[in-house]
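The lines below spell out each chain.
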Amino acid sequence: MSTINMFFRRVWNSPTGPKTVHFWAPTLKWSLVIAGFNDMKRPVDKLSGTQNLSLLATGLVWTRWSFVITPRNYLLASVNFFLAGVAGFQISRIVNFRLKEGDSKKQVMDYIINGSDSLKGRSSGMMDVATTGMKVGSSNATDLTSISH
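It should be emphasised that the depicted structure is a prediction, and the values quoted were computed from it without experimental measurement. (Residues numbered from 1 in each chain as written. Predicted model: local features only at pLDDT ≥ 70, side-chain atom pairs only at ≥ 80, totals over all residues. Heavy atoms only, no water.)

**Side note on the environment of Val95**
Operational definition: Helix numbering and strand numbering both begin at the N terminus, where a helix is a DSSP run of H or I of at least 4 residues and a strand a DSSP run of E of at least 2. Contact definition: two residues touch when any of their heavy atoms are within 4.5 Å.
Secondary-structure assignment places Val95 in helix H4 (residues 74–100). Those residues within four positions of Val95 in sequence are excluded, and the remaining contacts are Val108 and Ile112.

What follows is the structure, given as structure tokens:
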């Protein structure tokens, strides 16, 4: 049996090989990394701090976890390492942009954690609907509490 044939047989029958979810889940997760690379062309003011913060946390936690679980999953570790790297880079872009715009460090952190509405000093329209039954800021606000189910 040739060396190449033995290698492919070993990969195919591996506990993290193509016959298992341990292979396909990380393989498909590379699409998040590719999307993160594509976001590098996106204007910084269009990036979501909360989304990138969650991707960073996910990448860091799962990179560590992939070495703790049995079987060790190096494919899972690599995709999450790059996911954390891309998200960290995007967060650094957001931080640099907000600081150049004149925000304080506290405002930048608030922006990343709570989104753009936190800087405007107003809540989002969806929150207003959920708490009051009416969308605030709209000239033709509809009273949603009068609608019967």
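**Section: the environment of Gln51**
Tracing the backbone through its elements, the reader meets Gln51 in helix H3 (residues 49–68). Measuring from C-alpha to C-alpha, the distance between Gln51 and Gly115 comes to 9.6 Å, with 64 residues separating the pair along the chain.

**Topic: the packing of aromatic side chains**
Inclusion rule: Ring geometry is summarised as follows: Phe, Tyr and Trp rings, the Trp one being its six-membered ring, pair when their centres sit within 6.5 Å, and such pairs are stacked at plane angles under 30 degrees, edge-to-face over 60 and tilted between the two. Under the scheme applied here, a residue whose accessible area is under 20% of the maximum for its type counts as buried, over 50% as exposed, and between as partly exposed, the area being computed with a 1.4 Å probe on protein chains only.
Under the definition given, this model contains 5 aromatic pairs. Where Phe7 meets Phe8, the ring centres are 5.4 Å apart and the plane angle is 70°; that geometry is what we call edge-to-face. Residue class for Phe8 comes out exposed when judged on its relative accessible area of 53%. Relative to Phe82, the ring of Phe81 lies with its centre 5.6 Å away and its plane at 85°, an arrangement referred to as edge-to-face.

**Some thoughts on the side chain of Gln90**
Just so we agree on the cut-off: N or O atoms closer than or at 3.5 Å make up a polar contact, with two conditions inside protein: a donor-capable atom paired with an acceptor-capable one, and, for residues adjacent in sequence, both atoms drawn from side chains.
With respect to the element layout, Gln90 can be found in helix H4. Only 2.9 Å separates the side chain of Gln90 from the side chain of Arg93, close enough to count as a polar contact. Residues contacting Gln90, with those up to four places away along its chain left out, are Gly36, Asp39, Met40, Leu47 and Asn52.

**Some details on the pattern of salt bridges**
Two side chains bearing opposite charge may form a pair once their charged atoms approach each other closely. Spelled out, the test is: Any carboxyl oxygen of Asp or Glu within 4 Å of a side-chain nitrogen of Lys or Arg constitutes a salt bridge here.
Across all of its chains, the model carries 2 salt bridges by this definition. In this structure, Asp39 engages Arg42 in a salt bridge whose closest nitrogen and oxygen atoms are separated by 3.9 Å. Using a relative accessible area of 19% as the deciding quantity, one classes Asp39 as buried. The shortest N-O distance in the salt bridge between Arg98 and Asp103 comes to 2.7 Å. Each member of the pair, Arg98 as well as Asp103, is classed as buried.

**Things to note about a nonpolar patch on the surface**
Defined as follows: Only residues whose relative accessible area exceeds 30% and that form no salt bridge enter a patch; like-charged residues are grouped when within 9 Å of one another, and nonpolar side chains (Val, Leu, Ile, Met, Phe, Trp, Tyr) when within 5 Å. Note that accessible areas follow from Shrake-Rupley with a 1.4 Å probe, and for residues the cover is restricted to the protein chains shown.
A grouping of Ile4, Phe7, Phe8 and Val11 is seen on the molecular surface, where their side chains present a nonpolar patch of about 400 Å² in accessible area. Along the chain, the position of Phe7 falls in helix H1 (residues 3–12).

**Overview of the packing of H3 against H4**
Axes are the key here: two packed helices are described by the angle between their axes and the distance separating the axes. Going by this rule: Here an angle of 0 to 180 degrees is reported between the N-to-C directions of two axes, which are lines fitted to C-alpha atoms, with helices fitted over the stretch in contact. Note on terminology: angles under 35 degrees are roughly parallel, angles over 145 are roughly antiparallel, angles of 65 to 115 are roughly perpendicular, and the others are oblique. Here is the rule for handedness: rotate from the far helix to the near one, and if that takes an anticlockwise turn smaller than a right angle the crossing is left-handed, while a clockwise turn gives right-handed. Residues are grouped as follows: Ala, Val, Leu, Ile, Met, Phe, Trp, Tyr, Cys and Pro are nonpolar; Asp, Glu, Lys and Arg are charged; every other residue, Gly included, is polar.
Closest axis-to-axis distance for the H3/H4 pair is 7 Å, and the angle between their directions is 150°. Accordingly, the angle class assigned to the pair H3 and H4 is roughly antiparallel. The two elements H3 and H4 cross, and the hand of that crossing is left-handed. Each of Gly49, Asn52, Leu53, Leu55, Leu56, Thr58, Gly59, Leu60, Trp62, Thr63, Ser66 and Phe67 in H3 lies in contact with H4, whose residues at this interface are Tyr74, Leu76, Ala77, Asn80, Phe81, Leu83, Ala84, Ala87, Gly88, Gln90, Ile91 and Ile94. Grouping the amino acids of the contact of H3 with H4 by side-chain chemistry returns 15 nonpolar, 9 polar and no charged.

**Regarding the nonpolar core**
Condition: To define a nonpolar core, start from buried Ala, Val, Leu, Ile, Met, Phe, Trp, Tyr and Cys residues and group those joined through side-chain atoms within 4.5 Å.
If you look at the biggest cluster of nonpolar residues, it comprises 7 residues: Val44, Leu47, Ile91, Ile94, Val108, Tyr111 and Ile112. When contributions to this core are tallied by element, the ones reaching two or more residues are H4 and helix H5 (105–114). Top element by residues in this core is H5. It accounts for 3 residues. Counting residues in each nonpolar core, the second largest holds 6 residues, with Val33, Leu55, Val79 and Ala87 among its members.

**Points about H5**
Here is the rule we go by: In this context, the arc is that of the directions from the helix axis out to the C-beta atoms.
Buried within H5 are the following residues: Val108, Tyr111 and Ile112. On an axial view of H5, the arc spanned by its buried residues comes to 95°, and they lie on one face. Positive backbone phi, approximately 95°, marks Gly115, located one or two places after H5.

Geometric values such as these leave the question of function open.
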